[in-house]
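# Close look at the chain arrangement
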Amino acid sequence: MFSTTQIGIDLGTANILVYTKNKGIVLNEPSVVAIDANTKEVLAIGNEAKNMVGKTPENIIAIRPLKGGVIADYQVTIDMLKQIMKKVSKQVGFSLGKPNVMVCIPAGSTSVERRAIHDAVKAFGAKQVDLIEETIAAAIGADLSVEEPVANVVVDIGGGTTEVAIISFGGIVTAHSIRVGGDKLDDDIIQYVRKKYNLLIGYRTAENIKMEIGFALVDHDELTMEIRGRDLVTGLPKTITLGSIEIQDAIRDPLLAILDTVRYTLENCPPELSGDIVDLGVTLTGGGALLKGMEEWLSNEIAVPVQIAENPLEAVAIGTGRSLSVLHKLQKKAK
């Protein structure tokens, strides 16, 4: 008798990660699908599809079927999940059969959005599908003591959303979510370069700018970077040099929106848990945690310690995979 495979899936706006109990993270690829516009056939997924963005003939389009952590294109999401499971089967060296799957979802998801995610995962062949809030998964993946009656504050800055939650005894005490994340920072960089320099750049270039010279709102020695794009006046390729101070200014608004959400969540914390937050601080997860100066800036603004999880990009996926055993422990305690 074969035991049922248990896997955790972080179905992110920017990346999809798959975790299995024995192998850890077995897949980490962009949530991008390249499809033939005429036949709707999936041609590539993940890194291969992302490399096609902006470089394909008109009949091949690269799309992201997840927006703001929820499904925007249901059928393409199912096709992408099927392809991902094929890749994972090759990675682990055996067929996954009909696995038990734990999927993370944004805390603010509506019942319709939750049902869409549940049904999409079930449709690719899962035996059982359970859903877990992203922030609880992030806390488990960051090795926080979620099963204890102490306050753990998690700020998960993903591609499409930022989730802030206070977690105690395995549940969310208070949480707030905004549809602002890494994608919004990229958007604002594209708009800034367009307005100031009359230069059109793509999302991959904007993401590189953010990673290379993007800073949270902290003082720093200025960095510069050469970028290429299409001049909107002449229509010809053009190279310009950008500085980190101007990029910092370009992404100011979404960063302040994230800060407001963190503050609002802390203001709604029960007084009995406030002491824990002062002692234990706030843990950052998600790709946005890696923006230069993020830890220092948030700590200065909210006056409590802030630390980045050991593996911020993979924390949610690891927590999603581990959550089955943690939640089982909690159910035992509750009996």
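Residues numbered from 1 in each chain as written. Predicted model: local features only at pLDDT ≥ 70, side-chain atom pairs only at ≥ 80, totals over all residues. Heavy atoms only, no water.

An unreviewed UniProt entry lists the protein under the name Cell shape-determining protein MreB, with Evansella alkalicola as the source organism. What UniProt states about the protein under its Subcellular location (unreviewed entry) heading is, verbatim, "Cytoplasm". Recorded in UniProt under Sequence similarities (unreviewed entry), the annotation for the protein is "Belongs to the FtsA/MreB family." (UniProt positions renumbered as here; feature names shortened; annotations may be inferred.)

### Some thoughts on the sheet that holds strand E1 (residues 6–11)
As summarised here, the arrangement of the 5 strands in space is E3-E2-E1-E9-E10, forming an open sheet in which the pairing is mixed. Looking along the sheet, the strands with just one partner apiece sit at the ends: strand E3 (24–30) and strand E10 (128–133). For this sheet the average axis-to-axis angle between neighbouring strands, irrespective of direction, equals 20°. Pairing geometry for strand E9 (residues 100–105) and E10, over 6 bridges, is parallel. Of the residues in E10, the one forming a bridge with Cys104 is Ile132. Set on the sheet, helix H2 (residues 74–92) makes contact with E1, strand E2 (15–20) and E3; between it and E3 the angle comes to about 140°. Of the strands in this sheet, E1, E9 and E10 are in contact with helix H3 (residues 111–123), which crosses E10 at around 145°. (Pairing = 2+ DSSP bridges. Helix = DSSP H or I, 4+ residues; strand = E, 2+ residues; numbered from the N terminus. Axes fitted to C-alpha atoms, helices over the stretch in contact; angles between N-to-C directions. Contact = heavy atoms within 4.5 Å.)

### Structural notes on the sheet that holds strand E11 (residues 152–157)
Pairing is mixed in the open sheet, where 5 strands are placed in the order E13-E12-E11-E17-E18. The sheet is open, and its two borders are formed by strand E13 (171–178) and strand E18 (306–308), each paired with just one other strand. Pairs of neighbouring strands in the sheet enclose a mean axial angle of 20°, with direction left out of account. As paired strands, E11 and strand E12 (residues 162–168) are joined by 6 bridges and run antiparallel to one another.

### Thoughts on the pattern of salt bridges
Evaluated as defined, the whole model comprises 13 salt bridges. Its salt-bridge partner being Arg322, residue Asp143 comes within 2.8 Å of it at the nearest N-O pair. With Asp143 in the loop between helix H4 (134–141) and E11 and Arg322 in helix H11 (residues 315–334), this pair connects stretches of sequence that are 179 residues apart. Here Asp231 and Lys238 are joined by a salt bridge, their closest N and O atoms 3.5 Å apart. (Salt bridge = Lys/Arg side-chain N within 4 Å of Asp/Glu carboxyl O.)

### Digging into the pairing of strand E15 (residues 224–231)
Bridge analysis of strand E14 (residues 199–200) against E15 gives 2 bridges, and the strand direction is antiparallel. In the sheet register, Leu200 faces E15, and the bridge partner there is Arg230. Bridge count between E15 and strand E16 (residues 237–243): 7 bridges; the pairing is antiparallel. What sits directly across from Arg228, in E16, is Thr239. Taking the residues between adjacent antiparallel strands as the criterion, E15 and E16 are bridged by 5 residues, where Gly235 takes a positive phi near 80°.

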